[in-house]
Amino acid sequence: MIAEVIPRLRGIRKLEILDYLVPTQGQIEPGMTVEIPFRSQTILGVVVKLKTSSESKRLKSILRVVNEEASLSPLQIELVYHLSKRTGAPLSTCLLTVVQAGGVGQNKKESQVVTGPLAEAGKTTIARQRLPMLKKTVARIQSKKEPVVLRYDQTQELAAIASLLSTQAKQSLILVPHEEALLWWKEHLHHLHPVIYSSRNKITEQRDIFQAVRSGQAKVIIGTRGAIFLPPDHWEAILVVDEEHTSYHQDQNPRFQTVELAAWLAQGLHIPCVLSSQSPRVASAYQFAYIDISQPPSAMVNLINLQDWWTSGQSGLLTDSLLAWVKEHLPAVLVYNRKGEFRWLRCLDCQQVSPLGTAECPHCHSLRLKPSGMGNQKVEQLLKQLLPDLTINRWDADSTTPLPSGDVLLTTSFGLPRIPWKEYRGIGVISVDHQLAIPDFRTNERTLSFLTSLIRTNLPVAMQTSSPSHPVITTAISQDYASFYEMELALRKKLHYPPFGIVVAYINTNTRAAVVRKFPAESSLPLPPEGSVLDILE
């Protein structure tokens, strides 16, 4: 008997599958981790297939089985092949990703103090009149046995749906976008005794969770994106929280989309898969069944037109209207979701903004374009000058302290899921324009998701923009997602963007410049050239 083995060595592409003789003593099955001779060394590998013949004439023998209990299931082996085919990464790299259950490429930095709406422990409170609707929604999800996009507005209602799904399932997986959300979900589903899986688990803890999931002892698994590689043998439901979040995209090889893998596994297992979001991705809403349980927001939104400010001869982004609004809503949060010096250009004639690198204003064809914008530290300095009587604190990814207290909190998207909104009276957005000016086909839906997350806090919101009639801004205020979806879908269809096409990026890095220069000539290959990485953007 001959075994096909994938070596557990990162980056091997030419020798992805090796044939080895199965020893007469002991039993070898697909999925087992074995010790094999490889060149002049001994390494580990995973058996993926057994067969009776091989094209190789001189075969070495498997030395021993390393751990029978830690073997991969047939679906996990199939997932390795799917991951390699989808991302173009070597099978060995994909195997390591699955075997290590998400430990590869995760952020190892110490987390901030867990605070905010996604970390406040407490009971799930649902309006009694909403319970029948939630039960019907769960029934609809279970009847489809396929991925479903669920648009929601209250996280408590989503937790209730997760509880109903998990109660009726033998085992369920709940994926959250970041580790700060783990505590919130653990507390709200404590009656189901969930196990928590994250990249910060110790190796021994990961092994215990692996065995508990594989044996079926764990009824509910709550984890970040790496949990998608746990044994799926007993799964009967998958819930992805905030499926539009960029953290579900692995930024190291293999560059996979967790949402795509969740949908693929659910279809293979014929189980319900809920892709939840307050503002779903257009591609997800197009590909899968769509259910909307959201309600109209109660937040008051105040639009401040930057064109009026600039036309009056003023400059900068901190308008008198915004500063006055902040004083009326103390303590307040100011959001400035960017870094760096310049990110967009402002036309001095029509006051519209365009992406950096634009030679001519697309609105009035003027050549009088001026770089605009400033970094977070500069904004903090100006706020302290303009509001000397108030305590101004900046809290972003560069901060090393826990959430500070004061009159005004200046933050970015980093801080939004960590902020306890109940302690604040208002949210101010310094500028929406720089996000809308980013040259990316996902800019509109990402900006809408960002604004929706603020409006759904139900706090008063003040937004500054030079384009108050922009469809993204009007949609964020009205929360008319259906109209935005139709508009965005028509535009993508015209330009062959996802879901009507696939956008990929070939990324090539090498210490030799000649190799990098040669890369564009080879980029038409179905798989990325040797030494490069394929990144499927959507």
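Quantities reported herein were computed from a predicted structural model and do not represent experimental measurements.

> Can you tell me about the confidence of the model for the chain, naming the residues and giving the values?
Model confidence for the chain is summarised by a mean pLDDT of 84, while 86% of its residues fall at 70 or above. Looking at the elements of the chain, mean pLDDT is at its lowest for strand β23 (residues 532-536), recorded as 57, and at its highest for strand β7 (residues 172-175), recorded as 97. In this model, residues 102-123 is a region of pLDDT below 50 whose contacts with residues beyond four sequence positions or in other chains number 62 contacts.

> A description of the packing of helix α1 (residues 74-87) against helix α7 (residues 258-269) should follow, citing residues and the corresponding values.
At a minimum axis distance of 12 Å, the contact between α1 and α7 shows a crossing angle of 140°. Between α1 and α7, the interaxial angle falls into the category oblique. Judged by the sense of rotation from one axis to the other, the crossing of α1 with α7 is right-handed. Contacts between α1 and α7 involve Leu-75, Glu-78, Leu-79, His-82, Leu-83 and Arg-86 from the first element and Glu-260, Leu-261, Trp-264, Leu-265 and Leu-269 from the second. Of the residues contributing to the contact of α1 with α7, the split by class is seven nonpolar, one polar and three charged.

> Describe the environment of Val-148, and please don't skip the residues or the numbers.
Considering the arrangement of structural elements, one finds Val-148 in strand β6 (residues 147-151). What makes Val-148 buried here is its relative accessible area of 0%. Sequence separation between Val-148 and Leu-239 is 91 residues; the distance between their C-alpha atoms is 9.6 Å. If we ignore the near neighbours within four places in the chain, the residues touching Val-148 are Cys-273, Val-274, Leu-275, Ala-289 and Ile-291.

> Describe the packing of aromatic side chains, and please don't skip the residues or the numbers.
Applying the stated criterion to the full structure yields eight aromatic pairs. On the basis of an interplanar angle of 65° and a centroid distance of 5.6 Å, the ring pair of Trp-395 and Phe-414 is categorised as edge-to-face. Of the two residues, Trp-395 sits in strand β18 (residues 392-395) while Phe-414 sits in the loop between β19 (408-411) and β20 (426-429), which places them 19 residues apart along the sequence. Judged by its relative accessible area of 0%, Trp-395 falls in the buried class. Here Arg-418 stacks its cationic end above the ring of Phe-414, 4.2 Å away from the centre of that ring.

> Please give an account of the sheet that holds strand β12 (residues 289-292) that cites residues and values.
In a beta sheet, neighbouring strands are held together by backbone hydrogen bonds and run either parallel or antiparallel to one another. Pairing within the open sheet is parallel, and its seven strands lie in the order β8-β9-β7-β10-β11-β6-β12. The open sheet terminates on both sides in strands that have one partner only, identified here as β8 (195-197) and β12. Geometrically, the sheet is characterised by an average inter-axis angle of 20° between neighbouring strands, direction not taken into account. With four bridges connecting them, β7 and strand β9 (residues 220-223) associate as parallel partners. Bridge pairing in β9 links Ile-174 to Ile-222.

> How would you sum up the pattern of salt bridges? Please name residues and give values.
Tallied over the entire structure, the rule returns 16 salt bridges. Lys-51 serves as the salt-bridge partner of Glu-4, at 3.0 Å between the closest nitrogen and oxygen. Of this pair, Glu-4 sits in strand β1 (residues 2-7) while Lys-51 sits in strand β4 (residues 41-51), and the two are 47 residues apart along the sequence. Residue classification places Glu-4 among the buried positions, given a relative accessible area of 13%. Salt-bridge contacts for Glu-488 lead to Arg-492; the nearest nitrogen and oxygen are separated by 3.5 Å. One end of the pair, Glu-488, and the other, Arg-492, are both in helix α15 (residues 481-495), four residues apart, so they sit about a helical turn from each other. Both residues of the pair, Glu-488 and Arg-492, count as buried. Each of the salt bridges in this network shares a partner with another, and the network as a whole consists of Glu-380, Lys-384, Arg-394 and Asp-396.

What counts and what doesn't
Residues numbered from 1 in each chain as written. Predicted model: local features only at pLDDT ≥ 70, side-chain atom pairs only at ≥ 80, totals over all residues. Heavy atoms only, no water. pLDDT = per-residue confidence, 0-100. Helix = DSSP H or I, 4+ residues; strand = E, 2+ residues; numbered from the N terminus. Contact = heavy atoms within 4.5 Å. Axes fitted to C-alpha atoms, helices over the stretch in contact; angles between N-to-C directions. Parallel < 35°, antiparallel > 145°, perpendicular 65-115°, else oblique. Left-handed = near helix turned anticlockwise from the far one by under 90°. Nonpolar A, V, L, I, M, F, W, Y, C, P; charged D, E, K, R; others polar. Buried < 20%, exposed > 50% of the residue type's maximum accessible area, 1.4 Å probe, protein only. Phe/Tyr/Trp six-rings, centres within 6.5 Å; stacked < 30°, edge-to-face > 60°. Lys NZ or Arg CZ within 6 Å of the ring centre and 35° of its normal. Pairing = 2+ DSSP bridges. Salt bridge = Lys/Arg side-chain N within 4 Å of Asp/Glu carboxyl O.

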